[in-house]
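Below are the chains, spelled out letter by letter.
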Amino acid sequence: MGDFNMYRVLIAEDEAFIRRSIITQIDWVSLDCEVVGETDNGQDAIRLLESLKPDILLSDIRLEGLSGMEAVRFIHDRKLSVQPILITGYGDLSYAKEAIQLNVVDFILKPIDPEELKAAIRKAVGLVREERERVREMELLYKQVQESKPLLLERFLLQLANGMVTDSREIEQNAAFFDFPPAPYIVAALELDDYAEFQKTHSPMERKAYELAIRECCREAVARFEKAYDVSLSPNCQLLFIPHDSVSDVVDLAEQIQEKLFREYGLSVSFGIARPERKFGRLSERVEEARQALRHKFYSGNRAVIPYADAVGVEEGATLPAYPSIQAVTQAVLAGNTAEAAERLEEAWNAVSGFPSEEDIKNLAMEWVIVVRNAVRSRQIAVRQQDADYNVYALISKQQTIQDIRQTVFSLILDVARQVENSISSRYRSTVERILAYIDQNYDREITLQELAELVYMNPKYVSRLLKQETGENFSSLLTQIRIRRAMELMDSEECKVYEVARKVGINDSRYFSQMFKKHTGMTPLEYRYRRRAPENKSL
């Protein structure tokens, strides 16, 4: 016996005697076959092909109704997995050419030779077995591909992230294979803060465990986005590909991941977030944006979430100057960090002070100054220039020593840095003053951070950080202070009941108002009113 399941045979022969002889005189079991149906006409043959699903059709060419050839054409047109054998007389060989084109296994001439028929059946069985094996192999291959799909996907995303896949057709084929949605993707890059110290203080096994914990946390967080993916670009760089078009939503998501990793594992991580991208072929550019934004944490501090646009302040299509030796200085200047700009400039100067000629050093120094100035101009920050660009080279050229060149370069660049820092600080102060004025005008109703954020076109979390940075107080504390101050003024000038004062300053719960009042003044509203009037009572 070949296969455990017998091969199924359908016999279509209009002569009953021949049909019965075929069924009874052939040892079908020895051929691994069983006859599952018989008919004397072509229409029934087609019906039985659909219902019985045989592996082999043994049919006379001439049948009542539809012919055996029409049954063969039906098999061919429907792409059925049936191997046809035709029984024919000498006068029917005109069909031979078409039958061969329709993949008929063999012709059996009447009168039927049993051995010839058995040989044809064996040939058909062999073809069925090969087809079954091919189908099994395809199913196995499909299963293996499906099981390997996560690994294949990760490899493709890594190749895409590294810019190794650039052919648009290949990218489209992979996108279809992995069923990527047409929605834009946002790339977020995560890395551990102080990674060098992390490596020193943790064993390889511990580091691996933490890496797995980070990845699992990321996967849980992005699970609400269908077709979101994560890959490890390096031991300390996890990439998230999120099908979404709102950077602010991804910022919120990143902050949730930050909080969970810090709370559950004590891990401090930072995120860089790229701009949304609809073209898969450009995801490598967005990966670089996310990583570039991450590098800005040097100025933002650890546990930062940095959108690319906030980090470099560029519009669509713009880029930072591509001068590696001055890049860190430029970024520090743009961030308004003069002290950091001075340190980075010192490092850059030390790296190039060994240039072979005085001319090389002067050319590079001039280039540095122009690059920094152009970067500031691209941000539309108004600064006063000590010298016009065309005078920079003349100024540097006349310096006699390397130290003179250094002093000139440092003076020109750090002067710009200080002006940028003052401009940013002034802008922040102006923004905070506008927010405080708005609170002062609207303290008598409910005010939210979202409302303040819309007022100054900022992210609510950034508004909160800015208020804390500039005033030392958080939003709720500032609002409460203003309300208490206004309440004191009302009690000084008006004869209002405590609950009326509370409502006039935007607090509907008079008990809560009294608690807040005592917390900030050290006395209850009634005590305050009594003490303010005490001198007047004494004089009476």
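If you're wondering where the values come from, they're calculated on a predicted model, not measured in any experiment.

K.L.:
How do you make sense of the overall build of the protein chain when you look at a structure like this?
P.N.:
In terms of helices and strands, the protein chain carries 23 helices and ten strands. Burial status across the protein chain gives 44% buried among its 540 residues. Once local pairs closer than 6 in sequence are excluded, the contacts in the protein chain between residues at least 24 apart make up 64%. For the protein chain, the exposed surface amounts to about 29400 Å²; the carbon and sulfur share of it is 49%.

K.L.:
How should the sheet that holds strand β3 (residues 56-60) be read in this particular structure?
P.N.:
Each strand in a sheet pairs with another by means of backbone hydrogen bonds, the pair being arranged parallel or else antiparallel. Taken in spatial order, the five strands of this open sheet run β2-β1-β3-β4-β5, and their pairing is parallel. At either end of the open sheet lies a strand with only one pairing partner, and these are β2 (33-39) and β5 (106-109). For this sheet, the mean angle separating the axes of adjacent strands, direction not counted, is 20°. One ladder, built from six bridges, connects strand β1 (residues 7-12) with β2; its direction is parallel. Residue pairing across strands places R8 opposite E34, the latter belonging to β2. Helix-sheet contacts for helix α1 (residues 16-25) involve β1, β2, β3 and β4 (83-88), and the interaxial angle to β2 is about 165°. Helix-sheet contacts for helix α3 (residues 68-78) involve β3 and β4, and the interaxial angle to β4 is about 170°.

K.L.:
Just checking my understanding: could you explain the environment of V125 for this structure?
P.N.:
With respect to the element layout, V125 can be found in helix α5 (residues 114-161). Beyond its immediate sequence surroundings of up to four residues, V125 is in contact with Y7, L31, C33 and I56.

K.L.:
Is there a simple way to explain the packing of aromatic side chains in this structure?
P.N.:
The geometry of an aromatic ring pair comes down to the distance between the two centres and the angle between the two planes. Summed over all chains, the structure comprises five aromatic pairs. Seen from their ring centres, Y195 and F198 are 5.9 Å apart, and the 25° between their planes marks the pair as stacked. Within this pair, Y195 and its partner F198 are both found in helix α7 (residues 195-201), separated by three residues, close to a single helical turn. Accessibility expressed as a relative area gives 7% for F198, which makes it buried. On the numbers, 5.9 Å between centres and 65° between planes, the contact of F198 with Y210 is edge-to-face. Here Y210 lies in helix α8 (residues 204-222) and F198 lies in helix α7, a separation of twelve residues in the sequence. One aromatic cluster in this structure is built from Y195, F198 and Y210.

K.L.:
Help me out: how do you make sense of the packing of helix α18 (residues 449-456) against helix α19 (residues 460-471) in this one?
P.N.:
At a minimum axis separation of 8 Å, α18 and α19 run at an interaxial angle of 90°. The angle between α18 and α19 places the two elements in the roughly perpendicular class. Mapping the contact onto sequence places L449, Q450, L452, A453 and V456 in α18 and P460, V463 and S464 in α19.

K.L.:
Looking at this model, I keep getting lost on helix α6 (residues 168-177). Mind explaining?
P.N.:
I171, N174 and A175 are the residues of α6 that are buried. Along α6, the residues classed as buried sweep out an arc of 100° about the axis, all on the same side. Along α6, the residues that are exposed and aim more than 90 degrees away from the buried face are R169, E172 and A176. Backbone geometry just downstream of α6 places D179 in the positive-phi region, at approximately 60°.

K.L.:
What should I look at first to understand the pattern of salt bridges in this one?
P.N.:
Any two side chains of opposite charge can pair, given that their charged atoms come close. Here the structure, examined in full by the defined rule, presents 31 salt bridges. For the salt bridge of D60 with K110, the shortest nitrogen-to-oxygen distance reads 2.6 Å. Separated by 50 residues along the polypeptide, D60 in strand β3 and K110 in the loop between β5 and α5 bring together distant segments of the chain. Residue class for K110 comes out partly exposed when judged on its relative accessible area of 21%. Ionic contacts of the salt-bridge type, sharing partners, join the residues E13, E15, D60 and K110 into one network.

K.L.:
Is there a simple way to explain the sheet that holds strand β9 (residues 269-273) in this structure?
P.N.:
Here five strands make up an open sheet; going across it, the order is β7-β8-β6-β9-β10 and the pairing mixed. The open sheet is flanked by β7 (229-234) and β10 (305-307), the only strands paired with a single partner. In this sheet, neighbouring strand axes are inclined to one another by 20° on average, regardless of whether the strands run parallel or antiparallel. As paired elements, strand β6 (residues 185-192) and strand β8 (residues 237-243) share six bridges and run antiparallel to each other. Directly across from Y185, in β8, lies its bridge partner P243. Where α8 meets the sheet, its contacts fall on β6, β7 and β8, and the angle it forms with β8 comes to roughly 10°. Against the sheet, helix α10 (residues 283-295) contacts β6, β7, β8, β9 and β10, and its axis sits at roughly 40° relative to β6.

K.L.:
Sorry, what's going on with the pairing of β7 here?
P.N.:
If a strand is regular, its side chains alternate between the two faces of the sheet. Sheet topology note: the β7/β8 ladder contains five bridges and is antiparallel. What sits directly across from S234, in β8, is C237. Between the antiparallel neighbours β7 and β8 lie two residues.

K.L.:
Could you clarify how one ought to interpret the packing of helix α2 (residues 42-52) against α3 in this entry?
P.N.:
Each packed pair of helices is defined by two parameters, the angle between the axes and the distance between the axes. Two numbers describe how α2 lies on α3: the axes approach to 9 Å, and their chain directions differ by 35°. As for the relative orientation of α2 and α3, their crossing is right-handed in sense. Contact with α2, carried on its side by I46, L49 and E50, involves A71, F74, I75 and R78 of α3 and no other residues of that element.

K.L.:
How should I be thinking about the confidence of the model for the protein chain in this particular structure?
P.N.:
In low-pLDDT segments, the atomic positions of the prediction should not be examined closely. Across the protein chain, the average pLDDT comes to 82, with 87% of residues at 70 or higher. Of all secondary-structure elements in the protein chain, the lowest mean pLDDT belongs to helix α11 (residues 297-300), at 56, while β1 reaches the highest, 96. pLDDT under 50 marks residues 313-324. Its contacts with residues more than four places away, or in other chains, come to 20 contacts.

K.L.:
Can you walk me through unusual backbone geometry in this structure?
P.N.:
With the exception of glycine, the majority of residues adopt a negative phi angle, and the majority of peptide bonds are in the trans configuration. Looking along the chain, the bond that leaves K110 and enters P111 is cis, with omega of -10°. Relative to the elements of secondary structure, P111 occurs in the loop between β5 and α5. Unlike most non-glycine residues, K53 shows phi in positive territory, near 50°. Inspection of the secondary structure assignment puts K53 in the loop between α2 and β3.

How each quantity is defined
- Residues numbered from 1 in each chain as written.
- Predicted model: local features only at pLDDT ≥ 70, side-chain atom pairs only at ≥ 80, totals over all residues.
- Heavy atoms only, no water.
- Helix = DSSP H or I, 4+ residues; strand = E, 2+ residues; numbered from the N terminus.
- Buried < 20%, exposed > 50% of the residue type's maximum accessible area, 1.4 Å probe, protein only.
- Contact = heavy atoms within 4.5 Å.
- Areas by Shrake-Rupley, 256 points an atom, 1.4 Å probe, with all protein chains shown as cover.
- Pairing = 2+ DSSP bridges.
- Axes fitted to C-alpha atoms, helices over the stretch in contact; angles between N-to-C directions.
- Phe/Tyr/Trp six-rings, centres within 6.5 Å; stacked < 30°, edge-to-face > 60°.
- Parallel < 35°, antiparallel > 145°, perpendicular 65-115°, else oblique.
- Arc of directions from axis to C-beta.
- Salt bridge = Lys/Arg side-chain N within 4 Å of Asp/Glu carboxyl O.
- Left-handed = near helix turned anticlockwise from the far one by under 90°.
- pLDDT = per-residue confidence, 0-100.

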